[in-house]
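# Per-entry structural report
Each chain, letter by letter, is given below.
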Amino acid sequence: MSSPVPGSGTGVKKHVPFVPEHMEMKEFTLRAVLLGLLMTVILGAANAYLGLRAGITIAATYPAAVIAMAAMRAWKGSLLEENIARTAGSIGESVAAGAIFTLPAFLLAKAWPSFRFADAYWKSTALIMVGSILGVLFISLVRRGMVEDPELPFPESLAASEIHKAGQRGAQAAKYLFWNIGIGGVIYILGKFGLFAADTDLHVGVGSLGHSQVRLGTAGSTHVLPTGGISVFAAPSVSPAYLGVGYIIGVKLASIQFAGSVLAWGLLVPLMIFFLGPQLKVYIPADTPDNWANMADAVWRYIVRPIAVGGMLVGAAYTLFKMRASLTAGIGKAFADLRQTSADQAKLARTERYMSSKTVFSLIAVMFVLMCVLYIRISGLVWPAILAAVVMILVGFFFATVSGNLVGFIGSSNNPISGLTLSTLLIAALLMVALGVSGTSGVAAVLGVAAVVCVSSAVAGELLQDFKVGYILGGTPQKIQAAELIAVVVASLVMYFPLMLLHEGSIKAGGVGFGGAELPAPQAGLMATLAAGIVGHDMPWPLVVVGILFGIAMIMMQVKSPMLVAVGMYLPFGTTFAIFVGGVFRSLGDWVANRRGFNSAQKARVENAGVLVASGLIAGEALLGLVWAGLQFVPSWGAPNHPPQIFSDPSYLVGGMIVLAGLAGLMIFVPVSAAGDPNEPAPPTAMM
């Protein structure tokens, strides 16, 4: 990790990158860019499949970092070439996330007649490409203040930088990383093959159905409501990746996020189940009591999540308000750079050279014109389409910045892009309704704005993460931007094809494509439902307003991050629980280090080893997760008894808890064992 050192005569610590700013080495080379483009296509396609099937994507930063390091070491490449290859290779996952969350919605909402090449390719590609390029441009305006913000831990950026640096520092640092890449991958794949259950639900009675009641009045009142039902809690997912993220961000941030899930599943869902139980029971077949789990999930998804969206709207606004100084400074710097000449640029240190602000603003203007044309073609409207493009520019910048801030806190793996997109969709839909636009044209315009903002936010978050890795390693920002722009254009040109093949293949196999059992595309389905619902005047606004008021209340209570709380409400309980447990493991490791009386140098070595262990676990699951997603393309993989299961009914209580306990020991005691001699000088710490 880069180390902060005192600036001359100022007392302010100056950042020192891993590769000194005065050192020149190979960076933006043809082989690095081509390797990155190959990875962005493959990793993006695998994530598109995984997202359509399971509604999630896996961060490609770690797999791309490991592949880039291995390839470049074999080719005698440099560290900065590795960084360029990883930068270009990881962006495909973000483009895929934006595509799968929104493009199928056009078909599900019947805004497009089909998803065949003639009907959908140019529209899909144009939407993705405009959004991707804008994401790069938006975050380029504010990157400096956010990258250098000491309050943003950037867990995945730190992990990725450690992967690159481990190969430069010899076997001692590398062993913590690569052994745990293997451990994380093996644990993930053993869970998939049924050695243990990675997740489990705990059914909890909320009152007693048929017996519980609430009396609305004094004793003897006849105003009685029948209540009672069964709610569900999820145990922490046995996920090396989630635990690793929790370890890196620490227990404080993990606790704030987990608090949102506790509010959702410990208060709101049981409350709804308690009062709605008698009505919900009507929809549950008498012989399938376990369907209470599905009902609890439906209550969370369609009642609690809209409340979370309202909270996220307020949290997003509050996040920008708190960041106003750094954002203003960043934008001011961007405008000041407009006056820079090429001679001024040449005088800057290599690590300070960004794309010219003139180029950034010019490209934003070009993208705005293209958006106007695109929205007019998609919706068949003129002035509403132009207004939608104006809204997209404003809202897109807003949420691109928020996305970058969230990535700084929790990493791109857990960045709630779909939640930000839902917020955008609400704004765009209200605008269309206010303009009197309705029907298919209105829905198409709304989804067009949502699609561009979704891709823009996903790419912006990933690019800021790449900027942070470059900041740590000593990369040239201008070259990182160039690699990212090339990669998003290539990813945009090819991303339609995996989606089309999956959709059309499902139909040929007897399915229905997007929205069916094989390709449920949950986020796209929700986008389509909300767009059609709002434009058709059928939207649960009271729930969104409740969330807005809840967000305001959190600000009044001086909650550190209302956005993280709302995000916790929006994410699955098992996910945030696992991240929280990872943070607890780190706290336990710190407690052990204190009990053993380690000095500051020993604690620094423990911290570095811990980040490497967590980084390896994250990378291992990510790599094998993508392999597993790729295996789903093999026809025989879905045949009966394939893939083979070690246990037909794997156990969470026995197998899962044993694995979790093993991971606890690994993440607590392996870093502690790296403390070394107290007389050795302290190394640069992994966390800034």
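Refer to the structure presented above.
Quick caveat, the model's predicted, so the values are computed rather than measured.

Here the focus is the overall build of the chain. Along the backbone of the chain there are 22 helices and six strands. Relative to its 688 residues, the chain shows a buried fraction of 57%. When contacts within the chain are restricted to residue pairs at least 6 apart in sequence, long-range pairs at least 24 apart make up 83% of them. Looking at the chain as shown, the accessible area adds up to about 26,900 Å², and 67% of this sits on carbon and sulfur atoms.

Okay, the nonpolar core next. Of all hydrophobic cores here, the largest spans 207 residues; its most connected members are F115, L127, L134 and Y375. Once you skip the residues sitting within four places of it in the chain, Y375 turns out to touch L127, G380, A385, A388, A389, M392, G448, V449 and V452. Core analysis: the second largest hydrophobic core is formed by six residues, V19, L80, V469 and L473 among them.

With that out of the way, let us pick up the side chain of H164. By the element assignment, H164 lies in helix 5 (residues 155-166). Not counting chain neighbours up to four residues away, the residues in contact with H164 comprise A65, M69, L79, E82, N83, R86, V469 and L473.

Once that is clear, we can look at the packing of aromatic side chains. Counted according to the given criterion, the structure contains 19 aromatic pairs. Members of the aromatic cluster, each reached through a chain of ring pairs, are F106, W112, F115, F117, Y121, Y496, F497 and F514. Positioned over the ring face of Y570 is R305, at 3.9 Å from the centre of the ring.

Summed over all chains, the structure comprises three salt bridges. A salt bridge links R86 to D466, with the nearest nitrogen and oxygen atoms 2.7 Å apart. Pair noted here: R86 is in helix 3 (residues 79-108) and D466 is in helix 14 (residues 439-473), with a separation of 380 residues, a long-range link. Like R86, the residue D466 is buried in the burial classification. With a shortest N-O distance of 3.4 Å, D297 and R301 are connected by a salt bridge. Here D297 pairs with R301, and both are found in helix 8 (residues 292-322), just four residues apart, close to one helical turn.

Side chains of residues three or four places apart in an α-helix project in the same direction, reflecting 3.6 residues per turn. Helix length check: helix 7 (residues 240-280) (41 residues) gives 36 Å between terminal C-alpha atoms against 60 Å at 1.5 Å per residue, more than 12% under. Of all bends in helix 7, the biggest is about 115 degrees, found at G250.

In this model, helix 2 (residues 61-74) (14 residues) spans 20 Å end to end at C-alpha, consistent with the 20 Å of a helix rising 1.5 Å per residue. Counting buried positions along helix 2 yields ten of 14 residues, so the element is predominantly enclosed. Those residues of helix 2 not exposed but buried are T61, Y62, P63, A64, A65, V66, A68, M69, A71 and M72. Directly after helix 2, the chain includes K76, whose backbone phi takes a positive value near 60 degrees.

Mapped onto the elements, Y318 comes out in helix 8. Once the C-alpha coordinates of Y318 and I555 are considered, the two residues, 237 residues apart in sequence, prove to be 8.1 Å apart. Here Y318 is in contact with I555 and P562, once residues within four sequence places are set aside.

A separate point is the side chain of S231. Looking at the element boundaries, S231 is found in strand 6 (residues 229-234). Other than its neighbours up to four places away in sequence, S231 contacts L202, H203, V204, V206, V269, P270 and I273.

A grouping of L216, L225, L271 and F275 is seen on the molecular surface, where their side chains present a nonpolar patch of about 330 Å² in accessible area. Along the chain, the position of L271 falls in helix 7.

In this section: the environment of M371. Mapped onto the fold, M371 is located in helix 11 (residues 357-379). The exposure class assigned to M371 is buried, which follows from its relative accessible area of 0%. Along the sequence, M371 and M392 sit 21 residues apart, while their C-alpha atoms lie 8.9 Å from each other. Residues within four places of M371 in sequence aside, it is in contact with V130, L134, A389, M392, I393 and V452.

The interhelical angle for the contact between helix 3 and helix 15 (residues 477-494), taken along N-to-C directions, is 40 degrees, at an axis separation of 9 Å. In terms of orientation, helix 3 and helix 15 fall into the oblique class. Two packed elements cross with a definite hand, and for helix 3 against helix 15 that hand is right-handed. Here N83, I84, T87, A88, I91, G92 and V95 of helix 3 lie close against helix 15, whose contacting residues are K479, I480, A483, E484, A487, V488, A491 and S492. Looking at the contact of helix 3 with helix 15, its residues break down into nine nonpolar, four polar and two charged.

Thresholds applied
- Residues numbered from 1 in each chain as written.
- Predicted model: local features only at pLDDT ≥ 70, side-chain atom pairs only at ≥ 80, totals over all residues.
- Heavy atoms only, no water.
- Helix = DSSP H or I, 4+ residues; strand = E, 2+ residues; numbered from the N terminus.
- Buried < 20%, exposed > 50% of the residue type's maximum accessible area, 1.4 Å probe, protein only.
- Contact = heavy atoms within 4.5 Å.
- Areas by Shrake-Rupley, 256 points an atom, 1.4 Å probe, with all protein chains shown as cover.
- Core = buried A, V, L, I, M, F, W, Y, C linked by side-chain atoms within 4.5 Å.
- Phe/Tyr/Trp six-rings, centres within 6.5 Å; stacked < 30°, edge-to-face > 60°.
- Lys NZ or Arg CZ within 6 Å of the ring centre and 35° of its normal.
- Salt bridge = Lys/Arg side-chain N within 4 Å of Asp/Glu carboxyl O.
- Expected span 1.5 Å × (residues − 1).
- Bend = angle between axes of the 7 residues up to and from the residue.
- Patch = residues over 30% accessible without salt bridge, like charges linked within 9 Å, V, L, I, M, F, W, Y side chains within 5 Å.
- Axes fitted to C-alpha atoms, helices over the stretch in contact; angles between N-to-C directions.
- Parallel < 35°, antiparallel > 145°, perpendicular 65-115°, else oblique.
- Left-handed = near helix turned anticlockwise from the far one by under 90°.
- Nonpolar A, V, L, I, M, F, W, Y, C, P; charged D, E, K, R; others polar.

Remember, this is a structural readout, not a statement about activity or role.
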